[in-house]
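# Tertiary structure, described
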Amino acid sequence: MENKIDLAVNIAGLSLKNPVIAASGTFGFGREYSAFFDLSRLGGIAVKGLTLLPRKGNPPPRIAETPAGILNSVGLQNPGVHAFIDDEIPFLRRYDTAIIANASGNTVEDYEEMVRILSEADVDAIELNLSCPNVKEGCMAFGSTASGIARVVSRVRKLCKKPLIVKLTPNVTDICELACAAEAAGADALSLINTLLGMAIDAKTRRPILGNVMGGLSGPAVKPVALRMVYQVSKAVKIPVIGMGGISNGTDVVEFLLAGASAVMVGTAGFVNPYAWVQAIEGLEQYMVENNCWSVSELIGGLIL
Amino acid sequence: MNLIHRVRAIKQLNEDTFLMTIEAPEIADTGKPGQFVNVKCGGPHAYLRRPFSLCRIDRERGTFDIGVQIRGRGTEALSRFCENDPIDIMGPFGNGFSLNREDRRIAVVGGGIGVFPLLQLLREHPASEKLTLLGFRNRNQVVLEESFQNKSDELVVATDDGSYGARGFVTSLLESKLEESPVDRVFICGPALMMKHAVEICKAKSIPCEVSLEERMGCGIGACLGCACKVRLSDDWDYAHVCKDGPVFSGESIVFQE
Ligand SMILES: Cc1cc2nc3c(=O)[nH]c(=O)nc-3n(C[C@H](O)[C@H](O)[C@H](O)COP(=O)(O)O)c2cc1C
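Residues numbered from 1 in each chain as written. Chains lettered and ligands numbered in written order. Predicted model: local features only at pLDDT ≥ 70, side-chain atom pairs only at ≥ 80, totals over all residues. Heavy atoms only, no water.

Our next topic: the overall build of chain B. When helices and strands are counted, chain B shows six helices and 16 strands. Principal axes of the C-alpha set define a box for chain B whose edges measure 50 × 45 × 35 Å. A buried classification covers 56% of the 258 residues belonging to chain B. Restricting the contact set of chain B to residue pairs at least 6 apart, pairs at least 24 apart contribute 62%. Summed over all atoms, the accessible surface of chain B reaches about 11,200 Å², with 46% contributed by carbon and sulfur. (Helix = DSSP H or I, 4+ residues; strand = E, 2+ residues; numbered from the N terminus. Buried < 20%, exposed > 50% of the residue type's maximum accessible area, 1.4 Å probe, protein only. Contact = heavy atoms within 4.5 Å. Areas by Shrake-Rupley, 256 points an atom, 1.4 Å probe, with all protein chains shown as cover.)

This paragraph deals with the sheet that holds strand 7 (residues 86–93) of chain B. As a general point, the strands of a sheet are linked pairwise by backbone hydrogen bonds and lie either parallel or antiparallel. All names here are of chain B. If you walk across this open sheet you meet the seven strands as 4-3-7-1-2-6-5, and the pairing is antiparallel. Looking at which strands have only one partner, the edges of the open sheet turn out to be strand 4 (50–53) and strand 5 (56–58). Across this sheet, the average inter-strand angle for adjacent strands is 40°, counted without regard to direction. Here four bridges tie strand 3 (residues 36–39) to strand 4, and the two strands are oriented antiparallel to one another. Within strand 4, the position partnered with Asn38 by the bridge is Pro51. In the packing of helix 3 (residues 116–124) onto the sheet, the strands contacted are strand 1 (4–14), strand 2 (17–23), strand 4, strand 5 and strand 6 (63–69), and the crossing angle to strand 5 comes to about 50°. (Pairing = 2+ DSSP bridges. Axes fitted to C-alpha atoms, helices over the stretch in contact; angles between N-to-C directions.)

Residue and element names in this part refer to chain B. Taken as a whole and judged by the stated rule, the model has zero disulfides over all chains. Cys82 takes part in no disulfide bond, and the closest cysteine sulfur to it belongs to Cys41, at a distance of 15 Å. Given a relative accessible area of 44%, Cys82 falls into the partly exposed group. (Disulfide = S-S within 2.5 Å.)

The element helix 3 of chain B is extensively covered by neighbouring structure, given that seven of its nine residues are classed as buried. Inspection of helix 3 of chain B places Phe116, Pro117, Leu118, Leu119, Gln120, Leu121 and Leu122 of chain B among the buried residues, and these make up the whole buried set.

The next thing to look at is the packing of aromatic side chains. Throughout the structure, instances matching the rule amount to 13 aromatic pairs over all chains. Each residue in the set Phe27, Tyr33, Phe36, Phe37, Tyr275 and Trp277 of chain A is aromatic and connected to the rest through ring pairs, giving one cluster. The cationic tip of Lys56 of chain A hangs over the ring face of Trp237 of chain B; the distance from NZ or CZ to the ring centre is 4.4 Å. Cation over ring: Lys230 of chain B sits above Trp237 of chain B, and NZ or CZ is 4.4 Å from the ring centre. (Phe/Tyr/Trp six-rings, centres within 6.5 Å; stacked < 30°, edge-to-face > 60°. Lys NZ or Arg CZ within 6 Å of the ring centre and 35° of its normal.)

Our focus in this paragraph is the packing of helix 2 (residues 108–119) of chain A against helix 4 (residues 146–157) of chain A. Any two packed helices are characterised by how steeply their axes cross, that is the angle between the axes, and by the distance between the axes. All names here are of chain A. As a packed pair, helix 2 and helix 4 sit with axes 9 Å apart at the nearest point and diverge in direction by 35°. As helix 2 runs across helix 4, the sense of the crossing is right-handed. Residues Val108, Glu109, Tyr111, Glu112 and Val115 of helix 2 form the contact with helix 4, whose own contacting residues are Arg151, Val152, Arg155 and Val156. Looking at the contact of helix 2 with helix 4 residue by residue, the classes come out as five nonpolar, no polar and four charged. (Left-handed = near helix turned anticlockwise from the far one by under 90°. Nonpolar A, V, L, I, M, F, W, Y, C, P; charged D, E, K, R; others polar.)

The next thing to look at is unusual backbone geometry. A cis geometry characterises the amide bond from Leu192 of chain A onward to Ile193 of chain A, with omega recorded as 10°. Topologically, Ile193 of chain A is positioned in the loop between strand 10 (189–192) and strand 11 (196–199). The peptide bond linking Gly246 of chain B to Pro247 of chain B adopts the cis configuration, its omega dihedral lying at 10°. Relative to the assigned elements, Pro247 of chain B resides in the loop between strand 15 (237–241) and strand 16 (248–250). Backbone geometry places Ala12 of chain A, a non-glycine residue, at a positive phi of 50°. When you line up the elements, Ala12 of chain A lands in the loop between strand 1 (9–11) and strand 2 (14–16). The partly exposed category is assigned to Ala12 of chain A, whose relative accessible area is 32%. In this structure, Asn84 of chain B takes a positive phi of about 75° despite not being glycine.

Residue and element names in this part refer to chain A. At a minimum axis distance of 9 Å, the contact between helix 5 (residues 175–184) and helix 6 (residues 223–236) shows a crossing angle of 40°. One element, helix 5, and the other, helix 6, form an angle in the oblique class. Helix 6 is crossed by helix 5, and the crossing has right-handed handedness. Contacts between helix 5 and helix 6 pair Ile175, Cys176, Ala179, Cys180 and Glu183 from the former with Met229, Gln232, Val233 and Ala236 from the latter. Along the lines of polarity and charge, the residues of the contact of helix 5 with helix 6 split into seven nonpolar, one polar and one charged. (Parallel < 35°, antiparallel > 145°, perpendicular 65-115°, else oblique.)

Here we come to the domain arrangement of chain B. Residues and elements named next belong to chain B. Domain annotation for chain B reports domain 1 (4–93), domain 2 (97–209) and domain 3 (213–258). The straight-line distance from the C-alpha centre of domain 2 to that of domain 3 is 22 Å. Counting residues at the interface gives eight residues for domain 2, matched by nine residues for domain 3. Interface area for domain 2 against domain 3, summed over the two sides, is near 740 Å², with a carbon-plus-sulfur share of 69%. (Domains from an automatic or database assignment. Buried area = accessible area lost by both parts, 1.4 Å probe.)

What follows concerns the interface of chain A and chain B. In this complex, chain A contributes 32 residues to the contact, which on the side of chain B involves 30 residues. Surface buried jointly by chain A and chain B totals about 2,800 Å² across both partners, of which 61% is contributed by carbon and sulfur atoms. Of all residues in chain A, Lys56, Glu65 and Val272 of chain A give up the largest surface area on contact with chain B, accounting jointly for 27% of the area buried on that side. As a salt-bridge pair, Glu65 of chain A and Arg73 of chain B come within 2.9 Å of each other at their nearest N and O atoms. (Salt bridge = Lys/Arg side-chain N within 4 Å of Asp/Glu carboxyl O.)

Laid out in structure tokens, this is it:
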């Protein structure tokens, strides 16, 4: 019976066996979590944010716990795109799951070069990170205005030979404006939300907890904001939306699908429960069985108003 | 991997510190001194797991102990667990201390709750002579003295205010003891400033040392890159990660923050 349920989704040419993807920056390159479950169960893996050259990241502490969530200021520590291609893709290809390369840069030229390199690499899609709150240059500077997004996306579009996903920041007044700019500039899909800029202070020492003072908030605490943004954006654009922000289980996945997401990413919840990704898939499947849904597409945008 | 284990015993060590015995045969079986477990403390405001180093392992019973000082939301929630409660624990993680046969004489230096991982180290280390130096803020903070006594050839306890044992910092004890007779390796765990000084003392005497670090962790397994610490490379520096590359590092490799 259960075999009849079709969990597969297709996002702008990227086909996923199920709509649950590991969120960038929370899953490394998959190696650590492969000790807990078969990575082939995942719809896809968005790898740690990549840059042209290796990056050391921000000074510690990089993590602060907040009610029902965390702040992080990791700051895109990564081995660089070439090390990713040489050392990590061969490992990830041992599994039957989509590889999504998450790319960042300081300048438009960096983004172009990243997309040029990744277009020739064995990845299934490119997710442009225009929304990291933890690096000074680039990223957010482009990602927080419609004109910035239009500039980067239109330039990389010309070079991109893979499905192009643009990841949006929630730290703006009107996320729909950004979403429309990305769509108009040629994005194949959108992913949202990246983390919400926040801060934590230790009253005892009177100092900020994070070494970088501010950081990005994620986890269950951000879910209502994320759901709202996914709902608004998916109504504002025609391209598919990948929703994320605080998803911890199958019910959360269903909620994001109903709000209009075509797929979801799960991140922070996995730090607490290493089986969160797998349980999100199982929970979705169970919901579908119980509600006589045969295909995920029946749920996408299915919110009853 | 089964994450649900059982609390077997809780023993109060002092006002705000307790020892929790957990039954988890796989962890007891594979756990090594210096490794840690990542515990879901529960409670409404402790979202992330908390790392605790293995303080004592009883492989026959399939149990291990962690030492907990109530310092925040997580440890506060943990203090509410009772005997026989189920508890969600991942591990063992991290690298652990070196257990070298060539190290005939060793010294362990612990400060405050940093003493906990050193107990299992003393229990398993093959050295023939073990010197233990423990420092606490005051007499009320002294924990596990007898257990350490049983596993050491010599034990000296110091308190900052002199209310118990020697007066002063444990690092001064280390300095004078190494002056008397050198050791092959020193193992250090405690507050950052204490570890920094202890490493400097060892360096001056050219004695290799290992430190066990503590840092705020996200995932605990090396995926999120949250628990960074600065390490020296031959002509540069980089961030290593306490959960995966550590928590034990050679003392010389760590760049302690000011
Ligand atoms: C520790 C950490 C590191 C992250 N690194 C990245 C990154 O490199 N690139 C990126 O696009 N998003 C990054 N994110 C954001 C997540 O991919 C995701 O957008 C956000 O955490 C919300 O989802 P969640 O609540 O399920 O974690 C990071 C999040 C965390 C917690």
